[in-house]
Amino acid sequence: MPHCTSRVALRDRPLLSFVQAVKVTALFKLLANDTRVRLLHHIVRTGEATVTDMAKTLGMKPQAVSNQLMRLADTGMLASRRDGNHVYYRVVNECAAPLLDLALCLMEGESDSAPRGTCDVQA
């Protein structure tokens, strides 16, 4: 399972190449979908969830949830397993939860009443 902490610090990396920038942009475009973000958050909170459970929680049809989950799984963030008629999804990339947490931190920092400064990313 990939670990964020074992990676080179961002400030110590060489400037992104064009290809790397395109890949990062593609990832952010994939995550720029409210359903996918909510599904990811649900899985982070529960550890593992079925398509049926997530569909019920988000008020969606299971097929629509399954389609969105497959898009997330294609990034390597999620993995699935089948148990009878149920498909369970779990986060397998440890960078996914801190990324979501950091996004929430950045968003909460937009408010005038929110404390500004550092985002202590925890997940």
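Summarised in this report is the structure supplied together with it. Not measured: the values here are computed from a predicted model. (Residues numbered from 1 in each chain as written. Predicted model: local features only at pLDDT ≥ 70, side-chain atom pairs only at ≥ 80, totals over all residues. Heavy atoms only, no water.)

Considering the packing of aromatic side chains
Short version of the rule: Whether two aromatic rings pair depends on their centres lying within 6.5 Å, for rings of Phe, Tyr and Trp, where Trp uses its six-membered ring; planes under 30 degrees apart make the pair stacked, over 60 edge-to-face, and the rest tilted. Think of it as a cone above the ring: NZ of Lys or CZ of Arg counts as a charge over the ring if it is within 6 Å of the ring centre and within 35 degrees of the ring normal.
All told, the structure shown has zero aromatic pairs when counted by the stated rule. Over the face of the ring belonging to tyrosine 88 we find arginine 81, whose NZ or CZ atom lies 4.3 Å from the ring centre.

Looking at the pairing of strand β2 (residues 78-83)
Regular strands place their side chains on alternate faces of the sheet. As a reminder, the rule being used: Strands are treated as partners if at least two bridges between them are detected by DSSP. Only runs of H or I of at least four residues qualify as helices and only runs of E of at least two qualify as strands under DSSP, and these elements are numbered from the N terminus.
Sheet topology note: the β2/strand β3 (residues 86-91) ladder contains six bridges and is antiparallel. Note on β3: the bridge partner recorded for serine 80 is tyrosine 89. From the end of β2 to the start of β3, which pair antiparallel, there are two residues, and glycine 84 there has a positive phi angle of about 65 degrees.

Some details on the sheet that holds β2
To be explicit about the condition: Contacts are assigned to residue pairs that have any heavy atoms within 4.5 Å of one another. The axes are straight lines fitted to the C-alpha atoms, using for helices just the contacting stretch, and the angles between their N-to-C directions are given from 0 to 180°.
Spatial strand order, β1-β3-β2: three strands in an open sheet with antiparallel pairing. Where the open sheet ends on each side, the last strands, each with one partner, are β1 (49-50) and β2. Seen against the sheet, helix α2 (residues 34-46) touches β1, β2 and β3 and runs at an angle of roughly 85 degrees to β3.

Some thoughts on the pairing of β3
Alignment of β1 against β3, held across two bridges, turns out to be antiparallel. Each bridged residue has a counterpart across the sheet, and for alanine 49 the counterpart in β3 is tyrosine 89.

Some details on the packing of α2 against helix α3 (residues 51-58)
The following threshold applies: An angle below 35 degrees is read as roughly parallel, one above 145 as roughly antiparallel, one from 65 to 115 as roughly perpendicular, and any other as oblique. Left-handed describes a crossing whose near helix is turned anticlockwise from the far helix by less than a right angle; the clockwise case is right-handed. Gly falls in the polar group here, along with every residue not listed as nonpolar (Ala, Val, Leu, Ile, Met, Phe, Trp, Tyr, Cys, Pro) or charged (Asp, Glu, Lys, Arg).
At a closest axis distance of 11 Å, the pairing of α2 and α3 adopts a crossing angle of 120 degrees. Here α2 is positioned oblique relative to α3, judged by the angle of their axes. α2 and α3 meet at a crossing whose hand is right-handed. Taking contact as the criterion, the partners of Thr35, Arg38, Leu39, His42 and Ile43 in α2 are, on α3, Asp53, Met54, Thr57 and Leu58. Class assignment of the residues belonging to the contact of α2 with α3 gives a composition of four nonpolar, three polar and two charged.

So, a nonpolar patch on the surface
How we decide: A patch consists of residues whose relative accessible area exceeds 30% and which take part in no salt bridge; residues with like charges are grouped when within 9 Å of each other, and nonpolar side chains (Val, Leu, Ile, Met, Phe, Trp, Tyr) when within 5 Å. We get accessible surface area from the Shrake-Rupley algorithm with a probe of 1.4 Å; when it comes to residues, only the shown protein chains can shield them. Definition used for salt bridges: Asp or Glu carboxyl oxygen within 4 Å of a side-chain nitrogen of Lys or Arg. In this scheme, a residue with accessible area under 20% of its type's maximum is buried, one over 50% is exposed, and one in between is partly exposed, where area comes from a 1.4 Å probe on protein chains only.
Nonpolar side chains collect at one region of the surface, where Leu16, Val24 and Phe28 lie side by side and expose about 270 Å² of accessible area between them. Mapped onto the elements, phenylalanine 28 comes out in helix α1 (residues 18-31). On the basis of relative accessible area, phenylalanine 28 is assigned to the partly exposed category, the value being 47%.

Re the nonpolar core
How we decide: In this description, a nonpolar core means a group of buried Ala, Val, Leu, Ile, Met, Phe, Trp, Tyr and Cys residues linked to one another through side-chain atoms lying within 4.5 Å.
Among the nonpolar cores identified, the biggest contains 19 residues, and Leu40, Met54, Leu69, Leu78 and Tyr89 are the most heavily contacted of them. Those elements that provide at least two residues to this core are α1, α2, α3, α4 (62-74), β3 and α5 (96-108). Considering every element that reaches this core, the biggest residue donor is α3, with four residues. When near neighbours in sequence (up to four residues on either side) are disregarded, leucine 78 contacts Leu40, Ile43, Leu69, Leu72, Ala73, Tyr89, Arg90, Val91 and Val92.

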